[in-house]
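Residue-level structural notes
The primary structure of each chain is shown beneath.
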Amino acid sequence: MIFETGDQTELHAHLRTLREAGTDEATIRIDTLCGRLEQPTTYRLSRFTADGRGASGLT
């Protein structure tokens with residue numbers, strides 16, 4: 001995971017920053033975690049890696 005927010009506008013701003021930095025959009029995953037009534041909705045950006053490992057080095 002590279003970014004998480006509860007604000008959709010902030011999500012779009014971070015995506016714009018990644019695009020301007022030349023990040024390959026095919027490597028970005030966007031998840032919307034819908035909490036419904038119990039939790040607020042959360043937006044999460046993650047990056048796919050070539051070897052299937054995350055930033056922690058775990059699969």
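Here's a quick rundown of the structure. This structure is a prediction, so every number in the text was calculated from the model and none was measured. (Residues numbered from 1 in each chain as written. Predicted model: local features only at pLDDT ≥ 70, side-chain atom pairs only at ≥ 80, totals over all residues. Heavy atoms only, no water.)

Attention now moves to the environment of T42. Inspection of the secondary structure assignment puts T42 in strand β3 (residues 42–47). Put simply, T42 and E4 are 38 residues apart on the chain and 7.0 Å apart in space, counted from C-alpha to C-alpha. Apart from residues lying up to four places away in sequence, T42 is in contact with E4, T5, G6, D31, T32 and L33. (Helix = DSSP H or I, 4+ residues; strand = E, 2+ residues; numbered from the N terminus. Contact = heavy atoms within 4.5 Å.)

Counting seven residues, the largest nonpolar core consists of F3, L11, L15, L18, I28, Y43 and L45. With three residues, helix α1 (residues 8–20) is the single largest residue contributor to this core. In this structure, L18 is in contact with I2, T23, I28, L45 and R47, ignoring residues within four places of it in sequence. (Core = buried A, V, L, I, M, F, W, Y, C linked by side-chain atoms within 4.5 Å. Buried < 20%, exposed > 50% of the residue type's maximum accessible area, 1.4 Å probe, protein only.)

The terminal C-alpha atoms of α1, which comprises 13 residues, lie 19 Å apart, in line with the 18 Å expected from a rise of 1.5 Å per residue. Restricting attention to buried positions, one finds in α1 the residues L11, L15 and L18. Each buried residue of α1 lies within a common arc of 60° when the element is viewed along its axis, so the set occupies one face. Facing away from the buried side of α1 by more than 90 degrees, the exposed set consists of T9 and E20. Buried residues belonging to α1 abut β1 (3–5), β2 (28–33) and β3. The opening residue of α1 is D7, an N-cap whose side-chain oxygen sits 3.0 Å from the backbone nitrogen of T9. Following α1 by one or two positions, G22 adopts a phi angle in the positive range, close to 90°. (Expected span 1.5 Å × (residues − 1). Arc of directions from axis to C-beta. Polar contact = N/O pair within 3.5 Å; in protein donor to acceptor, adjacent residues only side chain to side chain.)

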